[in-house]
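# Structural description and commentary
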Amino acid sequence: MEVNMEKVVLGMTMSLDGFINDRAGSVSALYPDLVDWRETDQGRESIQNTGAVIMGRNSFAMAEDPDWFAGNYEYQVPIFVLTHRPPKKHPKETDALTFTFVTDGIESAVRQAKAAAGDKDVNVIGAAVTAQQCLKAGLADELHVDIMPVFLGGGLRPFEGIDDGQIQLERIEVMELPGGRTHLKFRIIR
Amino acid sequence: MGKVTANVSMSLDGFIAGPNISIDNPMGDGGERLHEWMFPPKGNYQEVAEEMFKNVGAVIVGREMFDLGEEPWGDNPPFHMPVFVLTHRSKEKLVKGGGTTFTFVTDGIESALRQAKAVAGDKDILVAGGAAVEQQYLKAGLLDEIQIHLIPILMGNGTRLFDDLSAGPIELETTRVIDSPGVIHLQFRIVKEP
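This one's a predicted model, so the numbers in the text were calculated from it and none came from an experiment.

With that settled, the discussion passes to the overall build of chain A. From N to C terminus, chain A includes six helices and nine strands. Counting the 190 residues in chain A, one finds 52% classified as buried. Here the analysis covers contacts within chain A between residues at least 6 apart in sequence; of these, 70% occur between residues at least 24 apart. Surface exposure of chain A reaches about 9,100 Å², of which carbon and sulfur atoms provide 49%.

Now the structure itself:
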């Protein structure tokens, strides 16, 4: 049995042609079944293993109301938002879910998130810029990609600018999920 | 009636060939890694070919693929069925040993498909490559099924399988997932507009 070392997990949902949201910036084509995901073994496992979350400004902005996260977001844990401009009003927090706006870069965010996560994993929610920074800086231990059965034709590419050969992926697991999604888990070898 | 199906190897970041494709470099820089799963030591081409050609009655390829393959395929090419070659330069039909014929189609992808369907009967039509040909059939909405062999590598640059927003999004239905060392086989039915 594998010893569960705390890891930095970069997670993303991607179309089959490699885009993580469509050009309009809407991710609706990619998340039709979000409620189902929380009920799956994979969703439950992810929620249980996550001790802290890092997200970029765009992911944070996905919720129309920043106060929505407290009590509603699937990960009720310390959240670290990468941004140059923290919002004027601090979003609602609970005992479990707190917000820290990190303005000094991804390494700082990962350091703080690891400290907050204790012996659980840090989950980096991979909107394109955050994912690219995390991969380029060699900060992620694992890459989890959910492939949605759709060709979008355009949008943001999470792996843009990653040098060919810079990163090697070792397949850990492949799972079929509801809605035709394929969940791929990779170890990142640098 | 048979299905029109394509088989393509793709990197995790959506590339089906590397950059700088040329006659000497048909898969582009680094692109040969996309096909490693099919050949020793990682794979067994016999098995791969059997699976790929199961229930296929006709094949469509691009001219580059034919040009590259003609000599190595020799007098008894591995198709054993009619092959339609998309090209701008016409050439007389070639009849080879073992049941393979090569018909050169100069008037486009729809014509090639029509001719392929005429000889395939109830069997499927396989769009076997290269990258540009597969792209064209996908964009034109002519594929019923697509099988993607997903290679867990990041290529960074090259030919994308699908990059035309005006033709998308294209909905798919996942029909099969097979996890294998070095490659994940994903099979999809292409959902057509009603």
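Anyway, onward from the coordinates.
So, about the interface of chain A and chain B. When the parts of a complex come together, some accessible area is lost, and that lost area is often used as the size of the interface. Listed by partner, the interface residues are 28 residues for chain A and 33 residues for chain B. Taken over both partners, the interface formed by chain A and chain B buries close to 2,600 Å², and the fraction arising from carbon and sulfur atoms is 67%. Summed over the shared surface of chain A and chain B, the result is one salt bridge. Between Arg171(A) and Asp179(B) there is a salt bridge, and its shortest N-O distance comes to 2.5 Å. Our count for the contact surface shared by chain A and chain B stands at five residue pairs in polar contact (both at pLDDT 80 or more). Looking at the side of chain A that touches chain B, the elements with two or more residues in it are strand 6 (142-148), strand 7 (150-151), strand 8 (168-176) and strand 9 (182-189) of chain A. Here the side of chain A that touches chain B gets four residues from one element, more than from any other, and that element is strand 8 of chain A. When grouped by side-chain class, the residues that make up the side of chain A that touches chain B number 17 nonpolar, five polar and six charged. In this structure, strand 7 of chain A lies alongside strand 10 (residues 170-180) of chain B, joined through two bridges in antiparallel fashion.

Right, let's talk about the pairing of strand 2 (residues 50-56) of chain A for a bit. All names here are of chain A. Among the seven residues of strand 2, seven are classified as buried, and the element is accordingly described as predominantly covered. The pairing of strand 2 with strand 5 (residues 121-125) spans four bridges and is parallel. The residue bridging Thr 50 from the neighbouring strand is Asp 121, located in strand 5. Relative to strand 3 (residues 79-82), strand 2 runs parallel, the two being bridged by four bridges. Counted as the bridge partner of Met 55 is Val 81 from strand 3.

Parameters at a glance
- Residues numbered from 1 in each chain as written.
- Chains lettered and ligands numbered in written order.
- Predicted model: local features only at pLDDT ≥ 70, side-chain atom pairs only at ≥ 80, totals over all residues.
- Heavy atoms only, no water.
- Helix = DSSP H or I, 4+ residues; strand = E, 2+ residues; numbered from the N terminus.
- Buried < 20%, exposed > 50% of the residue type's maximum accessible area, 1.4 Å probe, protein only.
- Contact = heavy atoms within 4.5 Å.
- Areas by Shrake-Rupley, 256 points an atom, 1.4 Å probe, with all protein chains shown as cover.
- Buried area = accessible area lost by both parts, 1.4 Å probe.
- Salt bridge = Lys/Arg side-chain N within 4 Å of Asp/Glu carboxyl O.
- Polar contact = N/O pair within 3.5 Å; in protein donor to acceptor, adjacent residues only side chain to side chain.
- Nonpolar A, V, L, I, M, F, W, Y, C, P; charged D, E, K, R; others polar.
- Pairing = 2+ DSSP bridges.

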